[in-house]
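Chain and residue survey
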Amino acid sequence: DLSLSLPKRSFGFGSVDLTECLENFIEPEQMDKCGYKCAKCKKVDNMTKDFSVFRFPNVLVIHLKRFSRREKLSTTVNVPKTLDMRPFAPHSCK
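What comes next concerns the included structure. (Residues numbered from 1 in each chain as written. Predicted model: local features only at pLDDT ≥ 70, side-chain atom pairs only at ≥ 80, totals over all residues. Heavy atoms only, no water.)

Description of the overall build of the chain
The helix and strand inventory of the chain stands at one helix and eight strands. Secondary structure elements of the chain occur, N-terminal to C-terminal, as β-β-α-β-β-β-β-β-β. Out of the 94 residues belonging to the chain, those deemed buried represent 18%. Of the contacts made within the chain by residues no fewer than 6 positions apart, 55% connect residues no fewer than 24 positions apart. A total of about 7,800 Å² of accessible surface is found on the chain, and carbon and sulfur atoms cover 52% of it. (Helix = DSSP H or I, 4+ residues; strand = E, 2+ residues; numbered from the N terminus. Buried < 20%, exposed > 50% of the residue type's maximum accessible area, 1.4 Å probe, protein only. Contact = heavy atoms within 4.5 Å. Areas by Shrake-Rupley, 256 points an atom, 1.4 Å probe, with all protein chains shown as cover.)

Quick word on helix α1 (residues 18-26)
Along α1, the positions that sit buried rather than exposed are Leu18, Cys21, Leu22 and Ile26. The buried side chains of α1 occupy one side of the element, clustering within an arc of 130° when seen end-on. Against β1 (2-5), β2 (15-17), β5 (62-65) and β8 (76-78) lie the buried residues of α1. (Arc of directions from axis to C-beta.)

Topic: the nonpolar core
Judged by nonpolar contacts, the single largest core of 13 residues is most densely connected at Leu4, Leu6, Leu18, Cys21 and Leu22. Of all the elements in the fold, those that place two or more residues in this core are β1 and α1. Broken down by element, this core gets its largest block of residues, four residues, from α1. Each residue touching Leu22, except ones within four places of it in the same chain, is listed here: Leu2, Leu4, Leu83, Met85 and Phe88. (Core = buried A, V, L, I, M, F, W, Y, C linked by side-chain atoms within 4.5 Å.)

Brief notes about the pattern of salt bridges
Per the stated rule, a full pass over the model turns up one salt bridge. Here Asp84 ties to Arg86 by a salt bridge, and the two come within 2.9 Å at their closest N and O atoms. Residue Asp84 is classed as partly exposed on the basis of its relative accessible area of 40%. The exposure class of Arg86 is exposed, given its relative accessible area of 63%. (Salt bridge = Lys/Arg side-chain N within 4 Å of Asp/Glu carboxyl O.)

Quick notes on the environment of Val44
Summarising the element assignment, Val44 is placed in the loop between β3 (29-31) and β4 (47-49). Residue Val44 is classed as partly exposed on the basis of its relative accessible area of 45%. On a C-alpha basis, the gap between Val44 and Asp32 in space is 9.9 Å, while along the polypeptide they are 12 residues apart.

Structural data, given as structure tokens:
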């Protein structure tokens, strides 16, 4: 299963493509002030977190997170008939 949030820019807009949700999922996130300390120098370090799909199943279940602050988002998600998942693999050319 893969849980995807809707891109923040789509809040209040009419529609978004599923590929945009996937791109939002794999986009690196800056983890400012996360509290991680380097094991060697003990300095607090800012980190970057990113995700990718390591192995693709035969059947992929996608859960769309359609709530924001206890409010259901009415954004329409356009799902293509076929979905090329190669750009979301860890070693793809992004």
